[in-house]
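Below, each chain spelled out in residue letters.
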Amino acid sequence: SGRLDKMPKRLADKESDFSSKYRRERVMRWLLHTLEKANRKSEINGILERETAHTDCYVELVKRLVQDKQIEKAREWAYKGFTATLEKAPGIASQLEELLRDMALAEKNYLLAAAHCAFEFFDRPGVEKYSQLEKVATQANVWEIVKKHVMSFLEKGERPKGSTWPLPLLQLPVRDRTSRWTHFPDTETLIDIAIQEKRQDDILKWYRLGRKSGGFGGNHTGEKVAQAVQVTHPDEALSIWKALATHEISQAKPRAYQTAGHHLKKIKAVYSRTKKAVEWTQYMAKLREDNKRRPRMLDVLNSLEGRRTRIV
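None of these values were measured; they are calculated from a predicted model.

(A) The arrangement of the side chain of Asp186 in detail. The residue Asp186 is located in the loop between helix H9 (143–156) and helix H10 (187–196) in this model. No salt bridge is formed by the buried Asp186, whose closest oppositely charged neighbour, Lys224, lies at an N-O distance of 9.0 Å. The residues contacting Asp186, other than those within four sequence positions of it, are Pro125 and Leu154.

Below is the structure:
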């Protein structure tokens, strides 16, 4: 403990601060290990409390307090640590918030746990966080009203407020994530949720809006949308896969031709399933004509139809 007292405190310079923090943390770990071996565990929490100011060891402190069943004290330190690390070490803040959620779940306080799940979702929207919120809010019997607010947030970017929000408000600061990359409606997340809930019409609705607004343009989105709607909306799936194949072919690279081939296999399967062999034949004939000067692409087309490819 005396050696820790002699070590340098936090510095203003970030690079030097990281170095001093790392050295101090190593000594702290050695001290904690020694106390464990000497069966002096009662001293550990006090050291961790003191060292939070120098090493941000909030997560370890909170976990130990929970193990010791000092739940209220653990909650106090989690809140304190969250505020202290939100900007400089958001990863630590995120872990602390999750520990607060887990404490609420352990107490079967589902309203509070759902509030934490909602906090996480609004901070980092995604289908996994959505599913987690749905599960806990359902246990709290408030999912239907929470879902309305969640969808409103994804469409308009407005966090819920007012008397219609059924979950307790958390005393946690919110990080400002507004940037030029932030788009609402959040069509990517809305698509993922619609896929999970098998709402094919909404999948296409948000996909079209996303393409129109420029919210995303990645081929990955088109691929998962086509995959999701190929049975219920085969024509839309065909249109998406054809556009993806055309894009890859335009790159005029062997690897891109192979990627186009993967899309074409799925197009062929849809035509086969919908019994439109004539349209598939016509489509392939056009591809052959358009790519007659691209032997590598012709190899891909030949493989799709079971024809012999060139021997290189």
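(B) Just empty space enclosed by the protein, in detail. A full pass over the atoms with the stated rule returns one cavity of 30 Å³ or more. Here the largest cavity is characterised by a volume of approximately 100 Å³. Elements supplying a minimum of two residues to the lining of the largest cavity: helix H6 (90–106) and helix H7 (110–123). Here the lining of the largest cavity gets four residues from one element, more than from any other, and that element is H6. Residue composition of the lining of the largest cavity, grouped by class: six nonpolar, one polar and five charged.

(C) Geometry of the confidence of the model for the protein chain. With 88% of its residues at a pLDDT of at least 70, the protein chain reaches an overall mean of 88. Within the protein chain, helix H8 (residues 127–139) carries the highest mean pLDDT (98), whereas helix H1 (residues 2–6) carries the lowest (48).

(D) Spotlight on the packing of H10 against helix H11 (residues 200–213). Between H10 and H11, the least distance of the axes is 8 Å, while the angle of their chain directions is 165 degrees. Considered as vectors, H10 and H11 are oriented roughly antiparallel to each other. For the crossing formed where H10 meets H11, the hand is left-handed. Residue-level inspection shows Thr187, Leu190, Ile191, Ala194 and Ile195 of H10 in contact with H11, the latter providing Asp202, Ile203, Trp206, Tyr207, Leu209 and Gly210. Residue classes in the contact of H10 with H11 are distributed as eight nonpolar, two polar and one charged.

(E) Expanded view of the environment of Asp186. Using a relative accessible area of 15% as the deciding quantity, one classes Asp186 as buried. Considered as a pair, Asp186 and Gly210 are 24 residues apart in the sequence and their alpha carbons are 8.3 Å apart.

(F) Summary view of the nonpolar core. If you look at the biggest cluster of nonpolar residues, it comprises 84 residues, and the most contacted ones within it are Leu133 and Leu264. Examining the composition of this core, we find that nine residues originate from one element, H7, more than from any other. Beyond its immediate stretch of four places on either side in the chain, Leu264 contacts Ala245, Trp280, Tyr283, Leu287, Met297, Leu301 and Leu304.

(G) Inspection of unusual backbone geometry at higher detail. At the junction of Phe184 and Pro185, the peptide bond is cis and its omega measures out at 5 degrees in the coordinates. As for its placement among the helices and strands, Pro185 is situated in the loop between H9 and H10. Despite not being glycine, Asp56 has its phi angle at roughly 55 degrees, a positive value. Relative to the helices and strands, Asp56 is located in the loop between helix H3 (44–55) and helix H4 (58–67). Among the residues examined, Asp56 registers a relative accessible area of 6% and is labelled buried. You will see that Lys108, though not glycine, has its phi angle at about 60 degrees, which is positive. In this fold, Lys108 is placed in the loop between H6 and H7.

The rules behind the values
Residues numbered from 1 in each chain as written. Predicted model: local features only at pLDDT ≥ 70, side-chain atom pairs only at ≥ 80, totals over all residues. Heavy atoms only, no water. Helix = DSSP H or I, 4+ residues; strand = E, 2+ residues; numbered from the N terminus. Buried < 20%, exposed > 50% of the residue type's maximum accessible area, 1.4 Å probe, protein only. Lys, Arg positive; Asp, Glu negative; His and termini not counted. Salt bridge = Lys/Arg side-chain N within 4 Å of Asp/Glu carboxyl O. Contact = heavy atoms within 4.5 Å. 1 Å grid on protein atoms, 1.4 Å probe; cavity = no way out; pocket = protein on both sides within 12 Å on 5 of 7 lines; lining within 4 Å. Points joined across faces, edges and corners; volume = space filled by probe spheres on them. Nonpolar A, V, L, I, M, F, W, Y, C, P; charged D, E, K, R; others polar. pLDDT = per-residue confidence, 0-100. Axes fitted to C-alpha atoms, helices over the stretch in contact; angles between N-to-C directions. Parallel < 35°, antiparallel > 145°, perpendicular 65-115°, else oblique. Left-handed = near helix turned anticlockwise from the far one by under 90°. Core = buried A, V, L, I, M, F, W, Y, C linked by side-chain atoms within 4.5 Å.

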